[in-house]
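Single-letter residue listing:
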Amino acid sequence: MLQTLRAKILFYFLLVSMIGILFVSFFIQWGFEESFKSYLDRNREKKIDRVIVAIEKDFEKNGRFTSDPIIGLHEFALTDQIYFQLYDRFGQLQMDSSSIRGMMNGLGLTEPVQNKDEWHTKTYRLNVDQTRIGKLVAIYPEGLIDDEYTFLQTIQLYIYVAVCLTIILAVLFSMVFSKKLTSGLKRLSYAAHELQLHNLGIRIPLKGLPDEVKQLAISFNNLAESLSKEEMLRKQFTGDLAHELRTPLATLRSQIEAFQDGIWEPTPQRLKQSHDELMRLVRLVNELEKLLAAENPQIKLEKTEMEAGSILADVWEMFLPIFNQRGIRLHFEEPDQEGWFRADKDRLIQILSNILNNALKYTTEGKTVCLSVRTDEEDYVGFQIKDEGAGMDDEDIPHIFERFYRGDKSRDRKTGGIGIGLSIVKALMDAHKGKIQVKSKLKKGTTVTLWFPKEE
Ligand SMILES: Nc1ncnc2c1ncn2[C@@H]1O[C@H](COP(=O)(O)OP(=O)(O)OP(=O)(O)O)[C@@H](O)[C@H]1O
Ligand SMILES: [Mg+2]
């Protein structure tokens, strides 16, 4: 009983409507009856007053009671059921229109409809020039007479019809409103249940929802959206990982089986090939571990104040031997002004190393890689790494930060890339609230600029 919100709303809505309807109809009926009765009373008093004035005037004129005004009294008996008894100052009955009452009674017309027994008697003094000339007794029914009663009953009937119609409308509206009010919540609970059953595509339509529920529905939709995105990423990541593991594992397996079956002699060169594949797997796992650490939302950065020029000079010195070895020039442009900012030094070196490793990997002998500091953005300090290497297709640029994404797969398998370096860079830059700009032209070179906020 009253378990659901809809039933509760319906019940209280109906309760309030019913109480309202009953109060209003009761007061209208009671107020109307009372004022109608007092109107009738006032009307009767006025009529009696007129009778008294007429009798007094007639007495003043003639010095006695004549039949002229008395005839009028009989009229009241017939039309308004007011009966009169006129007494002179000695108490002698001069006229009695209540005798008609007995006659009318026979026709079943005179008795008051309500309170049959209650006839009311009221005595009025008759005076001429302040001397008492007699008294007039008015007899009239306490309740309502025929027409008055019928009139009151018609009004009552209208009130009852109005009450019934209002009750029907209240019930209908309560049902519609309670349904409308709870429909949003019903949609929400249905959607939550569907989400629980792993239907991640479920969304709540916002149309027609009240503001409070709409806010809740928007939050729910956002939650469902991010859950389905997470799910998609998870599936994609698992698929990509399996794919990445399959090739080196298959190569290793076939090589080892060939050694076992005696098809291949395990020469030092062949063993080195197998070892290289194994090392690639080891590197994959290491890189994944680094990525996992970088993408951890609770990543703890140990930020210190540092100067961009000196950091870049250190990195330049660190990478100089390997660039020389490959015959690529590594040029460091001395900055003409200091650029101070806050960052985690180890993570910053990790970011710069990844970018420099790419420049090294994708640049051919004899070309130049140039390092410089940028201070032309107001709130940021930038590191620019510009190479004259292979460059990238415009189509590749938006994807290079995705895990396992490699521009040219066949080339990169040879160069040993696994496509995680830039994913780590992106995750670490996000942790620093920094920005990355990549400009690249195929066969011309690539310029990567890493912007770190000064105040963080
Ligand atoms: N300087 C660059 N010049 C040309 N292409 C680049 C450069 N930097 C990145 N790329 C392209 O972006 C892709 C993704 O780079 P990312 O560093 O994530 O992976 P990777 O270098 O292939 O592998 P690793 O995980 O070993 O770094 C590369 O495969 C390459 O195609
Ligand atoms: Mg790389």
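Okay, so let's go over this structure. Quantities reported herein were computed from a predicted structural model and do not represent experimental measurements. (Residues numbered from 1 in each chain as written. Chains lettered and ligands numbered in written order. Predicted model: local features only at pLDDT ≥ 70, side-chain atom pairs only at ≥ 80, totals over all residues. Heavy atoms only, no water.)

1. Description of the sheet that holds strand 6 (residues 329–332)
- Strand order in the open sheet made by the five strands is 6-8-9-11-10, with mixed pairing throughout. The two strands at the open ends of the sheet, each matched to only one other strand, are strand 6 and strand 10 (435–441). Each strand axis lies, on average, 15° off the axis of its neighbour in the sheet, ignoring direction.
- Bridge analysis of strand 8 (residues 368–374) against strand 9 (residues 380–387) gives six bridges, and the strand direction is antiparallel. (Pairing = 2+ DSSP bridges. Helix = DSSP H or I, 4+ residues; strand = E, 2+ residues; numbered from the N terminus. Axes fitted to C-alpha atoms, helices over the stretch in contact; angles between N-to-C directions.)

2. What about the site of ligand 1?
- Neighbouring ligand 1 are 20 residues, the closest being Gly407, Gly419, Ile420, Gly421 and Leu422.
- Within the side chain of Arg283, one N or O atom sits 3.0 Å away from an oxygen atom of ligand 1.
- Within the backbone of Ile418, one N or O atom sits 3.0 Å away from an oxygen atom of ligand 1.
- Within the complex, the protein chains bury 95% of what would otherwise be the 590 Å² of accessible surface of ligand 1.
- For the shell around ligand 1, the elements supplying multiple residues, two or more each, are helix 8 (345–361), helix 9 (409–415) and helix 10 (421–431).
- Tallied by class, residues from the shell around ligand 1 come to seven nonpolar, seven polar and six charged. (Near = heavy atom within 4 Å. Polar contact = N/O pair within 3.5 Å; in protein donor to acceptor, adjacent residues only side chain to side chain. Areas by Shrake-Rupley, 256 points an atom, 1.4 Å probe, with all protein chains shown as cover. Nonpolar A, V, L, I, M, F, W, Y, C, P; charged D, E, K, R; others polar.)

3. A few points about the sheet that holds strand 3 (residues 119–128)
- Strand order in the open sheet made by the four strands is 2-1-4-3, with antiparallel pairing throughout. On the outer flanks of this sheet lie strand 2 (93–96) and strand 3, each paired with one strand and no other. In this sheet, neighbouring strand axes are inclined to one another by 15° on average, regardless of whether the strands run parallel or antiparallel.
- Taken together, the six bridges between strand 1 (residues 83–88) and strand 4 (residues 131–141) define a ladder with antiparallel strand orientation. Looking across to strand 4, one finds that Tyr87 is bridged to Lys135.
- Packed on one face of the sheet, helix 2 (residues 67–79) meets strand 1 and strand 2 and runs near 150° to strand 1. (Contact = heavy atoms within 4.5 Å.)

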